[in-house]
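The residues making up each chain are set out below.
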Protein chains: 2
Amino acid sequence: MHRQDRKEGSIVDALDLDTPALYVDLDVLERNIARMQEQCRAWGVALRPHVKTHKIPEIAKLQLEAGAIGITVAKLGEAEVLPGDDVLVAYPLLKPKLPRLRALAKKRRVKVAVDSVDVARDVHGKGIETLVEIDVGVGRTGAQSPEQAVEIAQACSDFQGIFYWPSWLDEAGFRAACVKIDAVLDALSASGFEARIVSGGSTPGAAKTPLIPRTTEIRPGTYVFYDASSLAAQVCVEADCALRVLTTVVSTAVPGQCVIDAGSKTFSSDQTVGAGTFGHFIGRAWTMRKLNEEHGYVEIPGPAHVGEKVWVVPSHCCATVNLHDEIWYGRRGRVEGSWKVAARGKVR
Amino acid sequence: MHRQDRKEGSIVDALDLDTPALYVDLDVLERNIARMQEQCRAWGVALRPHVKTHKIPEIAKLQLEAGAIGITVAKLGEAEVLPGDDVLVAYPLLKPKLPRLRALAKKRRVKVAVDSVDVARDVHGKGIETLVEIDVGVGRTGAQSPEQAVEIAQACSDFQGIFYWPSWLDEAGFRAACVKIDAVLDALSASGFEARIVSGGSTPGAAKTPLIPRTTEIRPGTYVFYDASSLAAQVCVEADCALRVLTTVVSTAVPGQCVIDAGSKTFSSDQTVGAGTFGHFIGRAWTMRKLNEEHGYVEIPGPAHVGEKVWVVPSHCCATVNLHDEIWYGRRGRVEGSWKVAARGKVR
């Protein structure tokens with residue numbers, strides 16, 4: 001299963017890894033996967049994880065083995081290298097991508113979310129099903145009204161249901177979203193369209209799934225690793241953060257500050273949602289105030305030492321993983337091997 | 001020289017590229033390289049470009065052929081795959097990296113910037129020279145006083161000069177930096193250290209190089225491509241922007257907005273410095289207000305059409321390039337081939 005298992009004589013203590021290095025704790029990863037699966041069962045929805053978070057075939061396999069009904073991707077390039085017999089492309093796919101979509105549909109069951117009549121009309125082919133995307137208040141993509149949703153459904157060659165993205169909506173936002181979803185489902189039903197699938201999503205909104213009771217499946221991604229943004233939003237606790245970045249203090253020249261050897265090319269420039277900082281330090285009351293490409297500017301209340309190794313939970317795990325070709329994994333601080341981030345950079 | 005030259009029957013019009021796609025205009029690239037080289041000659045300084053911007057061996061070769069005295073890198077992993085007989089590692093290199101630094105020094109002339117006595121003491125070996133980094137007001141790394149600079153120089157085994165990073169300092173900042181540099185050079189001289197090299201840097205500060213007259217070389221990176229941040233700062237004009245991202249409008253569902261198929265996994269999350277937006281559209285009065293991983297939220301004053309292709313100059317070219325395995329290049333909108341971004345992801 002693993003690309004590279006540990007060989008005799010190689011590094012076994014994660015703290016000995018050359019830095020910066022991404023490390024996944026397998027105990028935590030497996031627990032996160034099992035828990036979300038259990039919760040989905042309790043909520044009465046299926047789990048179709050968004051694999052853009054990790055882009056690693058071995059992790060997708062763990063999710064599928066735990067009971068996920070398939071995978072969600074944003075781009076075809078991700079689906080082409082990640083496993084799962086049932087693939088939802090959660091993205092408006094235009095004509096030039098259709099040959100690849102049809103090739104995918106020859107081997108796997110394929111669904112595409114569409115939000116316009118034109119795209120709905122274009123996306124057809126053997127084994128290609130469509131979900132109509134509904135904007136539930138985020139303002140990114142999706143039909144704006146029940147009437148629009150019906151029009152798009154009428155243009156679909158194989159309508160299967162609807163799709164919504166709750167992003168970081170709060171409880172009031174979820175309740176408003178539910179009203180919209182119900183109105184859309186009623187309008188569709190009145191026009192003869194029965195939505196077999198009502199696909200919701202996102203890790204921060206997962207626990208609010210019961211607030212939209214007609215949801216049949218959700219598409220969280222981040223929950224495999226969680227991150228500093230999940231932590232700041234109290235979606236998880238520190239012990240749930242499976243992905244950590246090992247870094248080294250490289251400069252303490254400026255008083256009250258140290259600089260670590262990881263910047264936006266290691267973490268991404270994404271801020272910790274709501275906090276405005278750039279990650280969470282394990283076991284230290286340090287604050288990452290700013291990033292350059294290869295430097296993290298850390299505000300420190302006490303001393304720091306050049307050469308000191310520190311663990312950081314990144315602000316946004318999906319963006320961090322996508323910067324790296326490989327990720328180490330192991331248990332209890334030991335390194336057991338590394339995974340290739342197979343779908344890294346697959347933006348097409 | 002090029003990894004993949006265009007084959008008969010392949011795409012020739014850049015607008016036919018599958019999106020999102022990075023494209024470099026060679027005419028503009030070559031002009032940018034030639035111009036910066038000329039300007040450095042006029043300012044009486046050598047040019048040692050920071051190759052973290054492009055991470056592409058073929059572009060480094062063009063810079064060296066145009067007269068660059070060597071290359072600047074942040075990480076050893078970059079130096080290991082990019083050409084240049086004279087390599088400055090503009091980064092505090094700690095002990096665990098020394099074996100790789102020494103291996104590099106066997107084949108190429110190597111300099112390292114150091115900002116602490118400990119690191120200066122550790123970084124020694126045949127062919128390894130050191131520059132003492134001075135903080136000229138940016139507050140990232142570097143000695144804080146002339147006294148500290150002298151202490152660090154005393155710990156160097158092969159002191160060659162000093163190093164400063166002006167980042168985005170304005171003219172007043174440069175004048176203050178000059179006072180600091182002069183004080184450091186005088187203190188070093190009084191202690192018997194003659195700085196043969198005074199290494200400055202950065203594209204936004206390049207034109208202010210004469211304000212620090214004892215500078216002997218500069219290390220700009222961005223100038224090969226420029227970007228929307230350079231444009232907003234009036235460091236260049238639109239025609240100088242050699243790197244552009246071809247994107248497609250994928251949704252117009254939300255009124256007053258369109259969504260393009262490129263988000264932070266294509267551009268990075270870096271904002272356009274000073275503007276707070278996320279890139280510059282060519283030929284359209286559109287504003288990129290927000291990015292998700294694969295979606296760009298664009299404010300549009302008039303209509304946009306699903307399927308419409310649009311060119312975007314990214315906010316920060318260095319961060320954008322580092323997300324991609326390959327970049328297309330050509331002239332006058334034609335595609336001539338692609339380069340592998342050989343040092344992509346080399347954060348160690």
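Cut-offs used in this document
Residues numbered from 1 in each chain as written. Chains lettered and ligands numbered in written order. Predicted model: local features only at pLDDT ≥ 70, side-chain atom pairs only at ≥ 80, totals over all residues. Heavy atoms only, no water. Salt bridge = Lys/Arg side-chain N within 4 Å of Asp/Glu carboxyl O. Helix = DSSP H or I, 4+ residues; strand = E, 2+ residues; numbered from the N terminus. Buried < 20%, exposed > 50% of the residue type's maximum accessible area, 1.4 Å probe, protein only. Contact = heavy atoms within 4.5 Å. Buried area = accessible area lost by both parts, 1.4 Å probe. Polar contact = N/O pair within 3.5 Å; in protein donor to acceptor, adjacent residues only side chain to side chain. Disulfide = S-S within 2.5 Å. Domains from an automatic or database assignment.

A. Expanded view of the pattern of salt bridges. A full pass over the atoms with the stated rule returns 54 salt bridges over all chains. Put simply, Arg348(A) and Glu326(B) hold a salt bridge, and the shortest N to O gap is 3.9 Å. Of this pair, Arg348(A) sits in the segment after strand S18 (337–340) while Glu326(B) sits in strand S17 (residues 326–330), on two different chains. Given a relative accessible area of 24%, Arg348(A) falls into the partly exposed group.

B. Inspection of the interface of chain B and chain A at higher detail. Contacts between the two partners involve 59 residues from chain B, matched on the other side by 59 residues from chain A. In terms of surface lost to chain A, no three residues of chain B exceed Arg140(B), Lys265(B) and Arg348(B), which account for 14% of the buried area on that side. Connecting chain B to chain A are 12 salt bridges. When the shortest N-O distance is used, the salt bridge between Lys52(B) and Glu293(A) registers 2.9 Å. Joining chain B to chain A, the criterion identifies 34 residue pairs in polar contact (both at pLDDT 80 or more). Looking at the side of chain B that touches chain A, the elements with two or more residues in it are strand S11 (243–251), strand S12 (257–260) and helix H9 (264–267) of chain B. Looking at the side of chain B that touches chain A, the element that brings in the most residues is S11(B), giving 4 residues.

C. Just the state of the cysteines, in detail. Residue and element names in this part refer to chain A. Counted according to the given criterion, the structure contains 0 disulfides over all chains. Free of any disulfide, Cys178 has its nearest cysteine sulfur in Cys40, 17 Å distant. Under the relative-accessibility criterion, Cys178 is labelled buried at 11%. With no disulfide of its own, Cys236 lies 4.1 Å from the sulfur of Cys241, the closest cysteine sulfur. According to the relative accessible area criterion, Cys236 is buried, its value standing at 8%.

D. Structural view of the domain arrangement of chain A. Residue and element names in this part refer to chain A. Assigned domains within chain A: domain 1 (4–23 + 227–340) and domain 2 (26–224). Between domain 1 and domain 2, the residue contacts involve 22 residues of the former and 21 residues of the latter. Taken over both partners, the interface formed by domain 1 and domain 2 buries close to 1,600 Å², and the fraction arising from carbon and sulfur atoms is 62%. Its largest share of buried area at the contact with domain 2, domain 1 owes to Cys318, Arg331 and Trp339, together 35% of the area lost on that side. Our count for the domain 1 to domain 2 interface comes out at 5 salt bridges. Note that Asp240 is salt-bridged to Arg31, the shortest N-O span being 3.4 Å. Where domain 1 packs against domain 2, one counts 8 residue pairs in polar contact (both at pLDDT 80 or more). Elements that contribute at least two residues to the side of domain 1 that touches domain 2 include exactly helix H8 (228–232), helix H10 (317–321), strand S17 (326–330) and S18.

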